[in-house]
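A closer look at the structure
Single-letter residue listing:
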Amino acid sequence: MYDRIREKLSILADAAKYDVSCSSSGGNRKNDNKGIGDSSASGICHTYTEDGRCVSLLKILLTNHCVYDCAFCVSRKSNDVKRAAFTVDEVVELTMSFYRRNYIEGLFLSSGIFKNADFTMERLVRIAKRLRLEERFNGYIHLKTIPGASQELLTEAGLYADRMSINLEMPTEMGLKLLAPEKSHDDVKMPLGFIKDTIAKFKDEKKTGLIKSIPKFVPAGQSTQMVIGATPETDMEIMYSADEYYKNFSLKRVYYSGYIPISHDSRMPVIGSQPPLLRENRLYQTDWLMRFYGFNVKELLNTNNPHLDTDIDPKLSWALRNLEQFPVDINTADYHMILRVPGIGVNSAQKIVQARKFGKLRSDQLKKIGISYNRAKHFIRCADSPIILNEPDAPHLKSIILTESSSKYLKVPQNQLSLF
């Protein structure tokens, strides 16, 4: 019996590794001193909590049996791989056993779809319900939303899960139809919209104060994932799609998963080609600029610039295209403009705004604050900045900055990007 469970764990943990949307940031479920675990006190994959701590989750599929035949998925029904399925009892026992041994701080549970959506979702809900009510487990639980599952099951799942997510799969409908003609983005939008509305409903009920105790409903919100590089979308199409889902469904995160070739399908990159790690990194940087730096996606990507630069980050790329907005006077510019300076992050910008209240800032003070001065110096002026008569143009400035810095990602061959 033990050997069989271990074999299932090996198969279903390996099948789950392609899903990257397992961050536990945003979880705030408290332990009431009568249960086990605490999703806010800590958050066997490594992930990060909202405050930056690295924690471990048991990341598995309930089953890798699936009724769909998505060309990009290792669990597609036509793929000749070992199949396995956990029972509800087995997942509950594994989670509690691993937690008690201090191996994990929570559970990330996804699944292939076997029989139908409700049949699969009902088992995911039963696992979360048993962990919460019978085992008194208060650790982090992330459940996958199964497209097509009933609203009743989604509502029940939201009462026990900290976060729920549903994979968009491909960034565009056209890309999805190319590799998974049975699926549609509408199947993703409906549950995303329902859970968003239900979260809002629970929050409104809490504000009224008429009900003494309102249960938590998906307190860490929703997320989604896109596979990048399997279909020929531009970076502009990818980020415009992400921007739409952020705005329409109040998502906490959109994850970008570089496609790892797993089949000999002529529609996709061949086995052996490198996953697009650099492109994935640039997409995450763009996502960060949109969420934390006040950039509109159209400023970063548009018809004139549909692809992100590979040799420089998106913030520097934007600055070089908009040199008329620089240099920025650190001692007088507003916070939002300081945020747009390459080499200055959110924390550093906040420190600058606070520090200049006590006097004009000089270059040595900016270095102590923690900005990347060698990069930022080309775009700022401070109290002791030298007067420069002839400002370099964008190509020359880019060359100077690249000479002064290096990127680990440029050493990775990007064979996959050249296929389209």
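Before reading further, recall that the structure is shown in the block above.
All of these numbers come straight from a predicted model, not from anything done at the bench.

1. A few points about the nonpolar core
- Grouped together as the largest cluster of nonpolar side chains are 55 residues, with contacts concentrated most on Tyr256 and Ile344.
- No other element matches the 7 residues that helix 7 (residues 235-249) contributes to this core.
- Viewed by domain, this core spans two of them, domain 1 (3-276) and domain 2 (314-404), each represented by three or more residues.
- Excluding its chain neighbours within four sequence positions, the residues that come into contact with Tyr256 are Met226, Ile228, Ile238, Met239, Ala242, Glu280, Leu283, Tyr284 and Asp287.
- Membership of the second largest hydrophobic core comes to 50 residues, among which are Ala16, Leu61, Leu131 and Tyr160.

2. A word on the layout of surface pockets
- Its boundaries defined by the atoms lining it, the second largest pocket holds a volume of some 470 Å³.
- Taken together, 18 residues form the lining of the second largest pocket, with Ile199, Lys203, Phe217, Val218 and Pro219 sitting closest to its centre.
- The biggest single contributor to the lining of the second largest pocket is helix 6 (residues 185-208), with 6 residues.
- Across the lining of the second largest pocket, the residue classes tally to 9 nonpolar, 4 polar and 5 charged.

3. Thoughts on helix 6
- In a regular helix each residue adds 1.5 Å, so 24 residues correspond to 34 Å; helix 6 covers 35 Å between its end C-alpha atoms and thus fits that length.
- Where helix 6 is concerned, the buried positions are His185, Val188, Pro191, Leu192, Gly193, Phe194, Ile195, Thr198, Ile199 and Phe202.
- In this fold, the buried residues of helix 6 make contact with helix 4 (151-160), strand 5 (163-165), helix 5 (173-179), strand 6 (222-228) and helix 7.
- If you check the start of helix 6, you find a side-chain oxygen 3.1 Å away from the backbone N of Asp186, and it comes from Ser184.

4. What about the side chain of Ser184?
- With respect to the element layout, Ser184 can be found in the loop between helix 5 and helix 6.
- Of the polar contacts made by the side chain of Ser184, one reaches the side chain of Glu173; its length is 3.4 Å.

5. Things to note about the environment of Tyr255
- Locating Tyr255 in the fold gives a position in strand 7 (residues 253-258).
- Once the C-alpha coordinates of Tyr255 and Ala242 are considered, the two residues, 13 residues apart in sequence, prove to be 9.1 Å apart.

6. A look at the pattern of salt bridges
- Applying the stated rule across the entire model yields 21 salt bridges.
- A salt bridge links Asp89 to Arg130; the shortest N-O distance between them is 2.1 Å. Of this pair, Asp89 sits in helix 2 (residues 88-100) while Arg130 sits in helix 3 (residues 117-134); the two residues are 41 residues apart in sequence, bridging distant segments of the chain.
- For Glu169, the salt bridge goes to Lys183, with nearest N and O atoms at 3.3 Å. Linking Glu169 in the loop between strand 5 and helix 5 with Lys183 in the loop between helix 5 and helix 6, this pair joins segments that are 14 residues apart in sequence. The pair formed by Glu169 and Lys183 is uniform in burial state, with each residue classed as buried.
- The network of salt bridges with common partners includes Arg4, Glu7 and Lys82.

Cut-offs applied
Residues numbered from 1 in each chain as written. Predicted model: local features only at pLDDT ≥ 70, side-chain atom pairs only at ≥ 80, totals over all residues. Heavy atoms only, no water. Core = buried A, V, L, I, M, F, W, Y, C linked by side-chain atoms within 4.5 Å. Buried < 20%, exposed > 50% of the residue type's maximum accessible area, 1.4 Å probe, protein only. Helix = DSSP H or I, 4+ residues; strand = E, 2+ residues; numbered from the N terminus. Domains from an automatic or database assignment. Contact = heavy atoms within 4.5 Å. 1 Å grid on protein atoms, 1.4 Å probe; cavity = no way out; pocket = protein on both sides within 12 Å on 5 of 7 lines; lining within 4 Å. Points joined across faces, edges and corners; volume = space filled by probe spheres on them. Nonpolar A, V, L, I, M, F, W, Y, C, P; charged D, E, K, R; others polar. Expected span 1.5 Å × (residues − 1). Polar contact = N/O pair within 3.5 Å; in protein donor to acceptor, adjacent residues only side chain to side chain. Salt bridge = Lys/Arg side-chain N within 4 Å of Asp/Glu carboxyl O.

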